[in-house]
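The chain contents come next:
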Amino acid sequence: MTRDPSTEASDPAGNAQSEGLQALQGLAMDAAANPMFLADRNGCIQWANPAFEQLYGYPLAEIRGRTPRILKSGRQSADFYQDLWRSIASGQIWRGQLTNRKRSGELIDVEQTVTPLRRDGGPITHFLAVYEDISHRLRSEQSFARLALFDSLTGLANRVSFQRRTAEALSRARRNDKPIAVMMLDLDYFKNVNDTLGHAAGDTLLCQVAQRMPPCLRDSDTVGRLSGDEFAVLIDDLARPEQAAASAQRLLDALHEPFDVQGHSLRIGASIGIALSSSTDDGPESLLHHADLAMYQAKTSGRGRYQFFDAAMDAAARRRYTTELALRTALREDALEIVYQPQVDLASGAIVGAEALLRWTDPVRGAIGPDEFVSLAEQTGLIFALNDWVLRRVLRELSAWRASGVSTVPVVINLSAGHFDKVGMADSIKALLQEFCLPASAIRIEITETVMLQPSTTVHDNLRGLWGQGIAVGVDDFGTGYSSLPALRQYPIDYLKLDLSYVGGIGQPGRDEQLLRAIIGLGRTMGIQVVAEGVETEQQARFLRAEGCPLAQGFLYSPGVPGAEFLELLRAEHAYIEPVGGGA
Ligand code: C2E
Ligand code: CA
Ligand code: CA
């Protein structure tokens, strides 16, 4: 195609030099990569370059004499075009983005610059329109925006956009005086799936979870994935808090159903924490934080449930935080202690074992019970360092006692559930025993029932690893949890420990005695030893003896005492030779 010779813009000067320049200008416009056309002052197209023909699909012959209206997509308003015309008619350059339509009907996003042309300050004779195709740029900008706002795995809102929407919902909520709810949802056994089936399976599971959530909610609610297996839900415009509870329960029910991942039927379940905007005046971060705290609470009180955040929970959380900092310091400075509570043979009264119990005296707050800090350490992951410290301390003391020629007894070490989730945990205990030259019978490991019930191969490997080395394993607080008989059948449990709350019920109204009798009988039938804990009175001891419970510990005999004191107790009993649990 060639430049249209009829344009009034052509220079009337007749000399050869200017003709040569004109030809060059025409050549340049023809060759320009940017699509462009030239229109007369009525907007009728006079000429267009090949790039224009190519972009819009119109040959020049077809559009010459027509107005650019044929490019209209209908996406811009009449006002938009009026503005454009007003500017260029007044002699100003107009620049802007718009959507046009190609000859094929396809829409195209362009940036358009329209320059009014006039000669020597005279009236406007022509308009030059130059385009740039920005479809690609917009597409990549949009996909970039998508990427920045959505989680690439599940397509749910990511943390940034979830927080943004929460902030918007919060300001709406304040205007309308209606609360919103934020839920944090954490899968209960996701880590096991990742550990045992691999990350691809984990990803598949996360996508399935993401699909199951929205149908449990209203269209106006937002679901986000904040990290790993952590999801969040924003419930806008909440009439009553019960509404949030109902949504949470629907989510729990839906996620409780098995998932089909790589041919495995997996039961996962979730825990949910809920924070209501009425319970706090803070921004979206603190709402999320409160929901997170409530979620932790839901997890620690048994998983598979939801929990609301409240002020008392917040105060407790703050206290836990300062405790955590102090505990880290104590651990670093070796400021913890172990006390040993003797275990006695109920028939003879001889000391046949001891339980190692952790003690911490904070310089400011005084003695803090493990009931307070162990669960905290479990939530923060500090428990691993803590239990390693306990193991080392106990083994070091035990080997020192042996070196001094005292006949020692097996010492019970409490290990938290999280410990069993660590690959190679049983092996590292073996290595520690070797390091201190101690036989497997020197210690016994006490677990809670939940350890056995975890559907994780790592946990099972560790349990079997302990038994494989000949380390005895007992179940603490038996009777307070699931009291699962299948678990007892599946594992060679060495002893069951009767929870002190039942022992405290001896001689009291209620059914505690019956329950104790049943568990002692169960132990006898299955060949599992039974240890009574929290024995404080002669009456309790008598009852247990009469029922055939072999072992006991409690304040009646002794509280936990420092190592040196315990050694004295052992020495005083030198008649005792062969400890229960084999040749320690
Ligand atoms: P637990 O393993 O059930 O320990 C028994 C608790 O009962 C101990 O409390 C003990 O001091 C207390 N006790 C013993 N005899 C009596 C009695 O006659 N009457 C009453 N009322 N209480 C008695 P403690 O030392 O405060 O430990 C509390 C819990 O902290 C333990 O419960 C255990 O779950 C955890 N814990 C303690 N030391 C460790 C540790 O080294 N590692 C881990 N993971 N947990 C530990
Ligand atoms: Ca225990
Ligand atoms: Ca116990």
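Residues numbered from 1 in each chain as written. Chains lettered and ligands numbered in written order. Predicted model: local features only at pLDDT ≥ 70, side-chain atom pairs only at ≥ 80, totals over all residues. Heavy atoms only, no water.

Draft legend 1. Structural detail: the coordination of the calcium ion (ligand 3). For the calcium ion (ligand 3), the full set of protein donor atoms is Asp476 (OD), Asp477 (OD), Glu533 (OE) and Glu533 (OE), at a range of 2.1 to 3.0 Å. Between consecutive donor residues of the calcium ion (ligand 3), the sequence gaps follow D-D-x55-E. Metal-to-metal, the separation of the calcium ion (ligand 3) and the calcium ion (ligand 2) is 4.4 Å; Asp476 coordinates the two. (Donors = N, O, S within 2.8 Å, 3.2 Å for Na, K, Ca; no water.)

Draft legend 2. Structural view of a nonpolar patch on the surface. Where nonpolar side chains cluster on the molecular surface, the patch consists of Leu21, Leu24 and Leu27 and spans about 320 Å² of accessible area. Mapped onto the fold, Leu27 is located in helix α1 (residues 16–31). (Patch = residues over 30% accessible without salt bridge, like charges linked within 9 Å, V, L, I, M, F, W, Y side chains within 5 Å. Areas by Shrake-Rupley, 256 points an atom, 1.4 Å probe, with all protein chains shown as cover. Salt bridge = Lys/Arg side-chain N within 4 Å of Asp/Glu carboxyl O. Helix = DSSP H or I, 4+ residues; strand = E, 2+ residues; numbered from the N terminus.)

Draft legend 3. Expanded view of the coordination of the calcium ion (ligand 2). Around the calcium ion (ligand 2), the donor atoms from the protein are Glu355 (OE), Asn414 (OD1), Glu446 (OE) and Asp476 (OD), and they sit 2.1 to 2.4 Å away. Mapped onto the sequence, the residues coordinating the calcium ion (ligand 2) show the spacing E-x58-N-x31-E-x29-D. Its relative accessible area of 1% is what places Glu446 among the buried residues. (Buried < 20%, exposed > 50% of the residue type's maximum accessible area, 1.4 Å probe, protein only.)

Draft legend 4. Geometry of the pattern of salt bridges. In this structure the tally under the stated criterion is 23 salt bridges. Taking the shortest distance from any N to any O, the salt bridge between Asp83 and Arg86 comes out at 2.8 Å. Here the residue Asp83 and the residue Arg86 both occupy positions in helix α4 (residues 78–89), the gap between them amounting to three residues, near one helical turn. Residue Asp83 is classed as partly exposed on the basis of its relative accessible area, which comes to 43%. Here Lys497 ties to Glu355 by a salt bridge, and the two come within 2.7 Å at their closest N and O atoms. Taken together, the positions of Lys497 in strand β19 (residues 495–498) and Glu355 in strand β14 (residues 351–362) put the pair 142 residues apart, joining distant regions of the chain. Lys497 sits in the buried class, given a relative accessible area of 0%. What emerges from the salt-bridge pattern is a single network uniting Glu355, Glu446, Lys497 and Glu533.

Draft legend 5. Geometry of the packing of helix α19 (residues 512–526) against helix α20 (residues 538–547). Where α19 contacts α20, the two axes come as close as 10 Å, and the packing angle between them is 40°. With respect to their mutual orientation, α19 and α20 come out oblique. The handedness of the crossing between α19 and α20 comes out as right-handed. Residues Glu513, Leu516, Arg517, Ile520 and Arg524 of α19 lie in contact with α20, whose contacting residues are Phe543, Leu544 and Glu547. Looking at the contact of α19 with α20, its residues break down into four nonpolar, no polar and four charged. (Axes fitted to C-alpha atoms, helices over the stretch in contact; angles between N-to-C directions. Parallel < 35°, antiparallel > 145°, perpendicular 65-115°, else oblique. Left-handed = near helix turned anticlockwise from the far one by under 90°. Contact = heavy atoms within 4.5 Å. Nonpolar A, V, L, I, M, F, W, Y, C, P; charged D, E, K, R; others polar.)

Draft legend 6. Layout of the domain arrangement of the chain. Partitioning the chain into domains gives domain 1 (32–139), domain 2 (150–309) and domain 3 (320–573). Once you take the C-alpha centre of each, domain 1 and domain 2 turn out to be 50 Å apart. (Domains from an automatic or database assignment.)

Draft legend 7. Summary view of the site of ligand 1. In the neighbourhood of ligand 1, 21 residues make up the surrounding shell, with Gln341, Arg359, Asp476, Glu536 and Phe555 lying closest. In the environment of ligand 1, an oxygen atom lies 2.9 Å from a nitrogen or oxygen atom belonging to the side chain of Arg359. A distance of 3.0 Å separates a nitrogen atom of ligand 1 from a polar side-chain atom of Ser416. Contributing elements (two or more residues each) for the shell around ligand 1: β14, α12 (370–380), α13 (383–403) and β18 (472–478). (Near = heavy atom within 4 Å. Polar contact = N/O pair within 3.5 Å; in protein donor to acceptor, adjacent residues only side chain to side chain.)

Draft legend 8. Inspection of α19 at higher detail. Over its 15 residues, α19 extends 21 Å from the first C-alpha to the last, a length consistent with the 21 Å expected when each residue adds 1.5 Å. Those residues of α19 that are buried are in contact with β18, β19, α18 (500–503), β20 (529–532) and α20. Positive phi appears at Gly527, one or two residues downstream of α19, with a value of about 70°. (Expected span 1.5 Å × (residues − 1).)

Draft legend 9. Looking closely at the packing of aromatic side chains. Going through the model one piece at a time under the given rule, you end up with 14 aromatic pairs. Seen in terms of ring centroids, Trp85 and Phe127 are 5.5 Å apart; in terms of plane orientation they differ by 90°. Their pairing is edge-to-face. Of the two residues, Trp85 is situated in helix α4 and Phe127 in strand β5 (residues 124–133); the sequence distance between them amounts to 42 residues. With a relative accessible area of 37%, Trp85 lands in the partly exposed category. A relative accessible area of 6% means that Phe127 is categorised as buried. Plain terms: the ring middles of Tyr306 and Phe308 are 6.2 Å apart, the flat faces sit at 85° to each other, and that makes the pair edge-to-face. Of the residues examined, Tyr306 reaches a relative accessible area of 27% and is grouped as partly exposed. For Lys72, the ring lying beneath its charged end belongs to Tyr81, and the centroid distance is 4.3 Å. Of note, Lys422 hangs over the ring of Phe384, and the distance from its end group to the ring centre comes to 4.3 Å. (Phe/Tyr/Trp six-rings, centres within 6.5 Å; stacked < 30°, edge-to-face > 60°. Lys NZ or Arg CZ within 6 Å of the ring centre and 35° of its normal.)

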